[in-house]
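Given next are the chains, with one letter for each unit.
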Amino acid sequence: MRLDVNGLRAFYASPLGRTTHRVVGRTLHAYLGSVSGLRVLGIGYATPYLGPIHCIAERTLAFMPATQGVVNWPTSGRSSTALADPTMMPLPESAVDRIILIHALEAVESPTELLQEVWRTLTPGGRMILVVPNRRGVWARREATPFGHGQPYSRSQLGRLMRDTLFSPVNWSETLYMPPVRSRLMLRTGPAWEWIGTGLSLPFAGMVFGTIVAVAAPLGQVAGGRLLDRTARRGLPGGRLVLGALLGTLPLAATVGLANDRGLALTALVALIFGLGI
C-alpha cells in the first residue's frame, strides 16, 4: 500500500515534510555530486529533490507510477514528469547518468524488476541513489509519513537485492534521526538530532541511503553472441549473466564478478579469453 500523489504532496507541504525534505535532501545531493551536463531521472516521488538540479543538468525527468499518480513539474515551462511503469520505462538502454529512487522501491510488487530496469537505463559508470525506509527505524512504523508505507529494508537486505541485480554498493548513510512528530519544538531541534545521530552513529535512523555504482555497462550484456534484451535478462537465475560468448566489451574484473559460483566464473573467463583472442 502506498500513498497517492496527493498524500505525498500534502506531506511535503507540511512543516514535518519541509524539515524532512531539508534533511534528506542534504544527504542525497551530497551523494549526487555535480550534475552539470548529465541526464538525471527521478523515480517515485522525487520532484521535491529535483528542483535544485533542474537548471544545472542537461535534462531532468521524473517518472511516477500509475498506482501513485502524477503531478505537473516544474510549475513553469515544459513539464518534465510522466506517468510510467517503473519496471518498463519508455527509455532506451544507457539513457541516463543519474537515477534517484525515493518513495519507489518499497512500493513496487517486484523490487528486482525495478532495479533491473534501472540497470538497463543507466549509462556505463552511471550512479543510482536509492532512498528507502529503514527496517529498524521509527519512521517505518508511522503511517502518517510516506516512509511508513510499503516494504522497509535493512542494510543487509538492500545489499543483497542490489548485488542480485548487478549493482555494487559504494557508500551508505543513515539520516532522519529526529522522531516523526509534528511538534514545533521537535522540528526546530531537527538539525541537532541529525548532528548527534550522525556524530555518534546511532542505530535508529529512519532511512537508509545507498549510493550504488553499476558493475557492468548495459551494452556489455552479451549472451550467445547477441545483446540480451530485458526479457532474456529476467529469465536468468538470480539476475546473473550466463555468457555463451563475449565480444570483449567488459573488463576482466567486471566479467568474473558477474558470476557468484566457480562454474559461472570459469565460463565468463573462458568467454573473455576467446572473445579477445588472447
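Shown above is the structure to which this text applies.
Rules used in this analysis
- Residues numbered from 1 in each chain as written.
- Predicted model: local features only at pLDDT ≥ 70, side-chain atom pairs only at ≥ 80, totals over all residues.
- Heavy atoms only, no water.
- Buried < 20%, exposed > 50% of the residue type's maximum accessible area, 1.4 Å probe, protein only.
- Helix = DSSP H or I, 4+ residues; strand = E, 2+ residues; numbered from the N terminus.
- Pairing = 2+ DSSP bridges.
- Right-handed = clockwise from strand over helix to strand, strands pointing away.
- Arc of directions from axis to C-beta.
- Contact = heavy atoms within 4.5 Å.
- Polar contact = N/O pair within 3.5 Å; in protein donor to acceptor, adjacent residues only side chain to side chain.
- 1 Å grid on protein atoms, 1.4 Å probe; cavity = no way out; pocket = protein on both sides within 12 Å on 5 of 7 lines; lining within 4 Å.
- Points joined across faces, edges and corners; volume = space filled by probe spheres on them.
- Nonpolar A, V, L, I, M, F, W, Y, C, P; charged D, E, K, R; others polar.
- Phe/Tyr/Trp six-rings, centres within 6.5 Å; stacked < 30°, edge-to-face > 60°.
- Salt bridge = Lys/Arg side-chain N within 4 Å of Asp/Glu carboxyl O.

Chemist: An account of the pairing of strand β5 (residues 122–133) is requested, with residue identities and associated values reported.
Modeler: With nine of twelve residues buried, β5 lies mostly within the body of the structure. As judged from the six bridges shared by strand β4 (residues 96–102) and β5, these two strands associate in the parallel manner. The residue of β5 that forms the bridge with Leu-101 is Leu-130.

Chemist: Please give an account of the pairing of β4 that cites residues and values.
Modeler: The buried fraction of β4 is high, at seven of seven residues. In this sheet, β4 lies alongside strand β1 (residues 39–44) in parallel orientation, the contact comprising five bridges. From the neighbouring strand, Leu-41 faces β4, where its bridge partner is Ile-99. In terms of handedness, the path from β4 via helix α4 (residues 111–121) over to β5 forms a crossover that is right-handed.

Chemist: A description of helix α1 (residues 5–13) should follow, citing residues and the corresponding values.
Modeler: Along α1, the positions that sit buried rather than exposed are Val-5, Leu-8, Phe-11 and Tyr-12. Projected down its long axis, α1 shows its buried positions confined to an angular sector of 125°, all on one face. As for α1, its buried residues are in contact with α2 (15–32), α3 (47–50), β2 (59–64) and β4. A side-chain oxygen of the first residue of α1 lies 3.1 Å from the backbone nitrogen of Asn-6; this N-cap is Asp-4.

Chemist: How would you sum up empty space enclosed by the protein? Please name residues and give values.
Modeler: Under the criterion given, the structure shown has two cavities of 30 Å³ or more. Counted as a void, the largest cavity has a volume near 90 Å³. In terms of lining residues, the largest cavity is bounded by eleven residues, among which Arg-2, Leu-3, His-103, Pro-146 and His-149 are the most central. Of the residues belonging to the lining of the largest cavity, the class tally is five nonpolar, four polar and two charged.

Chemist: Outline the packing of aromatic side chains, listing residues and values.
Modeler: What the rule picks out here adds up to four aromatic pairs. In textbook terms, an aromatic cluster arises when at least three aromatic residues are bridged by ring pairs, as seen for Phe-11, Tyr-12, Tyr-45 and Tyr-49.

Chemist: Run through helix α5 (residues 155–164), naming residues and quoting values.
Modeler: Within α5, burial applies to Leu-158, Gly-159, Leu-161 and Met-162. The arc enclosing the buried residues of α5, seen along the axis, measures out at 165°, which places them on a common side. Just past α5, the residue Leu-166 takes up positive phi, approximately 70°.

Chemist: Any details on the pattern of salt bridges? Residues and values, ideally.
Modeler: Per the counting criterion, the structure on display carries three salt bridges. A salt bridge links Asp-97 to Arg-39; the shortest N-O distance between them is 3.4 Å. Residue Asp-97 is found in strand β4, and its partner Arg-39 is found in strand β1; the two are separated by 58 residues along the sequence. Note on Asp-97: relative accessible area 12%, which makes it buried. Residue classification places Arg-39 among the partly exposed positions, given a relative accessible area of 28%.

Chemist: Please provide a residue-by-residue account of the side chain of Thr-165, values included.
Modeler: Secondary-structure assignment places Thr-165 in the loop between α5 and β6 (167–175). A distance of 2.9 Å separates the side chain of Thr-165 from the backbone oxygen of Leu-161, its partner in a polar contact. The contact partners of Thr-165, leaving out residues within four places of it in the chain, are Thr-112, Leu-115, Gln-116 and Trp-119.

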